[in-house]
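# Coordinate analysis (summary)
The chain contents come next:
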Protein chains: 2
Amino acid sequence: MNYAHLDCETDLERAVAAGADERCPPQLANALHYAVFPGGARVRPQLCMAVAAANTGKDPSLAKSAACAIELLHCASLVHDDLPCFDDATVRRGKPSVHSAFGERIAVLTGDALIVMAFQVLAKGMATARYPDRGPAVMGYVADGVAAPCGIAAGQAWECEQRVDLALYHQSKTGALFIAATCAGAAAAGVDPTPWRNLGASIGEAYQVADDIKDATSDIETIGKPTGIDIALDRPSAVRELGVDGAVQRLRQCMEAGLDAIPQCDGRAQLQQLVRLQSQRFIPKNKGRTAA
Amino acid sequence: MNYAHLDCETDLERAVAAGADERCPPQLANALHYAVFPGGARVRPQLCMAVAAANTGKDPSLAKSAACAIELLHCASLVHDDLPCFDDATVRRGKPSVHSAFGERIAVLTGDALIVMAFQVLAKGMATARYPDRGPAVMGYVADGVAAPCGIAAGQAWECEQRVDLALYHQSKTGALFIAATCAGAAAAGVDPTPWRNLGASIGEAYQVADDIKDATSDIETIGKPTGIDIALDRPSAVRELGVDGAVQRLRQCMEAGLDAIPQCDGRAQLQQLVRLQSQRFIPKNKGRTAA
């Protein structure tokens, strides 16, 4: 099956190039590109576009701009999460993290500029949308995925609290941007986003569990970022709660719940196929290191 | 003259309350409110709404949401500018800075969440706008005021460069958000924003010069934030370039240029009056300390 219509690299390149033009301070320009390319699996933007494509009445331009916005917000969150005051991670996607390569100040500003770039991209997409009246709803779902009270920034902020609402923590920290992806995709297609929420929440939970498994069982060479962070920072984790095998089982349950949650639509079968394909990436190949 | 129609405190309160609801991690919720209230002079949002109000065909709801968005972005920039890796300012608006009061992690996340909150507010304003087709342009101007290549984040990034384009530095660091205010206000009124750019640029420059004067001649008790930063951090400043009296003269010139730059419109006289009133706030009362 061909998923070329779910590719947004060219659009991301264009967005970053527009921000990093000759008027941009050179280090910030370089850091913006560095933070977005080469990318990870681009799971969230693909999901957003796939949900839109699975529905009739789609607006591919609006969906693609929402997808790019979500990926830029994700990249921004990685830059800020790696900062010394949070994970203090020196490596990301197999290369020095942004603050390691460019310094802390440029890292803070890169994150800030990427967040706003997301909305620049969305503004352009809304201006040329086939159905412009859907724009504000799409934008609302994208923004809710990051902001307070339940977006990924709020999720990260739970790590500063003594008493943590675990369900809210996980759903905000990881689920929120997947929920943004499915709901914004649905809104861009002009269908009610509400029933699309569960798909995003399930994939988000699966992704969080997969991340916990990788953190506990993998090494920096394999996944391109430091591991063992959850234990080092005494963070709640599915592996610490359920053990590795229990966590893998939980991951599969989440994925199945996600597939079941896909609402009836023209492209349901293809969307299920894509989600299955993506989920294979989640399940860690290397479980060699023993988890504590 | 009554400027009650240029007040956005209630709207800002509502926006922060929506983000800081019971699902939000408590420290982040407190920090969000702390960073926005009590506010400064709210010069940028007033300017945005005043420009919209000066034109016929205005959309007050869209203009007000843009104004609130700009103020939230301004508050976010203050929180991040005060971080240890930038100004390391412990005091802001006469009270401990956000990172001093809540720690560095919450300060980073507060800035991030406020940036996104700006676009949540704008999304809501666009959804209920009288002229929704103006939304994407308004949003574009607001976003350009912060992002790369020429927004305030890019302006701040010039401080990390060895070789600085001074004009671009000042225009990006301070001017950009004033330009966003006048252009978004014009776009919300359905008029061409291009001729409204100069008003924002002039006020922005005046404001930057006023800030330089305050940094050089005032003290922390008077202006509620640390002073002497430009010299301590070896930053370019109008006072260092022109001396205090030269800088005050420059400030007046910028304000006059701004007043002249106001395009013909129904409310030109009232708008000039407001800008004059605001400019009186810029000119520092205390020039007692000798500037280097």
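Residues numbered from 1 in each chain as written. Chains lettered and ligands numbered in written order. Predicted model: local features only at pLDDT ≥ 70, side-chain atom pairs only at ≥ 80, totals over all residues. Heavy atoms only, no water.

## As for the confidence of the model for chain A
Put simply, the rule is: Every residue is assigned a pLDDT by the predictor, reflecting its confidence on a scale from 0 to 100. Working rule for contacts: check all heavy atoms of both residues, and any pair within 4.5 Å makes them a contact.
Here chain A averages 92 in pLDDT, and 96% of its residues register 70 or above. Per-residue pLDDT stays below 50 along residues 287-292 of chain A; that stretch engages in 18 contacts with residues further than four places along the chain or on separate chains.

## Examining the pattern of salt bridges
Residues and elements named next belong to chain A. To keep it simple, the criterion reads: Salt bridges, as used here, are contacts in which a Lys or Arg side-chain nitrogen is within 4 Å of a carboxyl oxygen on Asp or Glu. Numbered from the N terminus, helices here are DSSP runs of H or I no shorter than four residues, and strands are runs of E no shorter than two. Exposure classes here rest on a 1.4 Å probe applied to the protein chains alone. A residue is buried below 20% of its type maximum, exposed above 50%, and partly exposed in between.
Under the criterion given, the structure shown has 20 salt bridges over all chains. Notably, a salt bridge pairs E159 with K173, separated by 2.8 Å at the nearest N-O pair. Of this pair, E159 sits in the loop between helix 8 (152-157) and helix 9 (166-188) while K173 is found in helix 9, placing the two residues 14 residues apart along the sequence. Exposure remark for E159: the relative accessible area of 19% places this residue in the buried category.

## Here's the deal with the packing of helix 13 (residues 238-261) of chain A against helix 14 (residues 268-282) of chain A
All names here are of chain A. Cut-off, in case you're wondering: Only the stretch in contact is used when fitting a helix axis, every axis being a line fitted to C-alpha atoms; angles between N-to-C directions are given from 0 to 180 degrees. When an angle is under 35 degrees it counts as roughly parallel; over 145 it counts as roughly antiparallel; between 65 and 115 it counts as roughly perpendicular; any other value is oblique. Put simply, a crossing is left-handed when the front helix is turned counterclockwise from the back one by less than a right angle, and right-handed when it is turned clockwise. Only Asp, Glu, Lys and Arg are considered charged in this grouping, and only Ala, Val, Leu, Ile, Met, Phe, Trp, Tyr, Cys and Pro are considered nonpolar; every other residue, Gly among them, is considered polar.
Closest axis-to-axis distance for the helix 13/helix 14 pair is 10 Å, and the angle between their directions is 165°. In terms of axis orientation, helix 13 runs roughly antiparallel to helix 14. For helix 13 against helix 14, the interelement crossing comes out right-handed. Contacts between helix 13 and helix 14 involve L251, M255, E256, L259 and D260 on the former and, on the latter, R268, Q272, V275, R276, S279 and F282. For the contact of helix 13 with helix 14, the class distribution of residues is five nonpolar, two polar and four charged.

## Description of helix 7 (residues 135-144) of chain A
Counting buried positions along helix 7 of chain A yields seven of ten residues, so the element is predominantly enclosed. Here helix 7 of chain A has its buried residues at G135, P136, V138, M139, G140, V142 and A143 of chain A. Looking at the buried residues of helix 7 of chain A, the elements they touch are helix 4 (60-81), helix 6 (104-127) and helix 9 of chain A together with helix 6 (104-127) and helix 7 (135-144) of chain B.

## Points about the interface of chain A and chain B
The line we're drawing: Accessible area, probed at 1.4 Å, shrinks when two parts are joined; the buried area is that loss added up over both. Pairing of N or O atoms within 3.5 Å defines a polar contact, subject to two protein rules: one partner must be a possible hydrogen donor and the other a possible acceptor, and residues neighboring in sequence count only if both atoms are side-chain atoms.
The interface is formed by 49 residues belonging to chain A together with 49 residues belonging to chain B. Both sides together, the interface formed by chain A and chain B hides about 4300 Å², and carbon and sulfur atoms give 74% of it. At the junction of chain A with chain B, the criterion picks out zero salt bridges. Joining chain A to chain B, the criterion identifies eight residue pairs in polar contact (both at pLDDT 80 or more). Secondary-structure elements contributing two or more residues to the side of chain A that touches chain B are helix 1 (9-19), helix 2 (26-36), helix 6, helix 7 and helix 8 of chain A. Sorting elements by how many residues they give to the side of chain A that touches chain B places helix 6 of chain A first, with 16 residues. Partitioned by chemical class, the residues of the side of chain A that touches chain B number 35 nonpolar, six polar and eight charged.

## Structural notes on the packing of aromatic side chains
The description of an aromatic ring pair rests on the distance of the ring centres and on the angle between the ring planes. Here is the rule: Two rings belonging to Phe, Tyr or Trp (six-membered ring only in the last case) form a pair when the distance between their centres is within 6.5 Å. Interplanar angles under 30 degrees mark stacking, angles over 60 mark edge-to-face geometry, and anything in between is tilted. The rule is short: NZ of Lys or CZ of Arg within 6 Å of the ring centre and within 35 degrees of the ring normal puts a charge over the ring.
Taken as a whole, this structure holds five aromatic pairs over all chains when the rule is applied. Ring centres 4.4 Å apart and planes at 0° place the aromatic pair F119 of chain A and F119 of chain B in the stacked group. Residue F119 of chain A is located in helix 6, and its partner F119 of chain B is located in helix 6; the two belong to separate chains. The interplanar angle of 50° and the centroid separation of 5.2 Å between the aromatic rings of F178 of chain B and Y207 of chain B together place this pair among those described as tilted. In this pair, F178 of chain B is assigned in helix 9 (residues 166-188) and Y207 of chain B in helix 10 (residues 197-217), connecting sequence segments 29 residues apart. One residue, K95 of chain A, lies across the ring of Y34 of chain A, its end atom 3.8 Å from the ring centre.

## Some details on the relation of the copies chain A and chain B
Definition in use: Copies overlap after least-squares fitting; the atoms used are the C-alpha atoms of residues with pLDDT of at least 70 in both.
Expressed as a screw transformation, the operator carrying chain A onto chain B has a rotation angle of 180° and an axial translation of 0.0 Å, and the superposed copies differ by an RMSD of 0.0 Å. The superposition operator between the copies reduces to a two-fold rotation axis. Measuring from the rotation axis to each C-alpha of chain A, the shortest distance belongs to D112 of chain A, at 3.4 Å.

## Here we look at the side chain of R92 of chain A
Residue and element names in this part refer to chain A. You can see R92 is positioned in strand 1 (residues 91-92). On the basis of relative accessibility, which here comes to 15%, the residue R92 falls in the buried class. There is a polar contact of 2.9 Å between the side chain of R92 and the side chain of D82. Among all residues touching R92, those that are not within four sequence positions of it are L78, D82, S97, G224 and K225.

## Overview of helix 3 (residues 43-54) of chain B
Condition: To estimate how far a helix should extend, the number of its residues minus one is multiplied by 1.5 Å.
Between its first and last C-alpha atoms helix 3 of chain B spans 16 Å; for twelve residues at 1.5 Å apiece the expected length is 16 Å, and the two agree. Turning to helix 3 of chain B, its buried residues number three or more, namely V43, R44, P45, Q46, L47, C48, M49, A50, V51, A52 and A54 of chain B.

## A closer look at the environment of L109 of chain A
With respect to the helices and strands, the residue L109 of chain A is situated in helix 6. Expressed as a C-alpha distance, the spacing of L109 of chain A and A31 of chain A, which sit 78 residues apart in the sequence, is 9.4 Å. In this structure, L109 of chain A is in contact with L28 of chain A together with F86, A153, Q156 and A157 of chain B, ignoring residues within four places of it in sequence.

## Details of the state of the cysteines
All names here are of chain B. Quick note on the threshold: Disulfides are defined as pairs of cysteine sulfur atoms found within 2.5 Å of each other.
All chains considered together, the criterion is met by zero disulfides over all chains. Between C48, a free cysteine, and C68, which holds the nearest cysteine sulfur, the sulfur-to-sulfur gap is 9.2 Å. Distance from the sulfur of C183, which forms no disulfide, to the nearest cysteine sulfur (C48) is 9.9 Å. Taking the relative accessible area as the measure of exposure, C183 reaches 2% and is therefore buried.

## Here's the deal with the packing of helix 3 (residues 43-54) of chain A against helix 9 of chain A
Residue and element names in this part refer to chain A. Two elements in contact, helix 3 and helix 9, have axes whose closest approach is 7 Å; the angle formed by their N-to-C orientations is 25°. When the axes of helix 3 and helix 9 are compared, the pair comes out roughly parallel. Between helix 3 and helix 9 lies a crossing of right-handed hand. Each of V43, R44, L47, C48, V51 and A52 in helix 3 lies in contact with helix 9, whose residues at this interface are L177, F178, A181, T182, A184, G185 and A186. Taken together, the residues of the contact of helix 3 with helix 9 sort by class into ten nonpolar, two polar and one charged.

## Thoughts on unusual backbone geometry
Here the residue pair A148 of chain A and P149 of chain A is connected by a cis peptide bond, since its omega of 5° sits within 30 degrees of zero. One can find P149 of chain A in the loop between helix 7 and helix 8. For R42 of chain B, which is not glycine, the phi dihedral falls at a positive 55°. The residue R42 of chain B is located in the loop between helix 2 (26-36) and helix 3 in this model. Given the relative accessible area of 7%, R42 of chain B is considered buried. A positive phi angle is found at R93 of chain B, which is not glycine, with a value near 50°.

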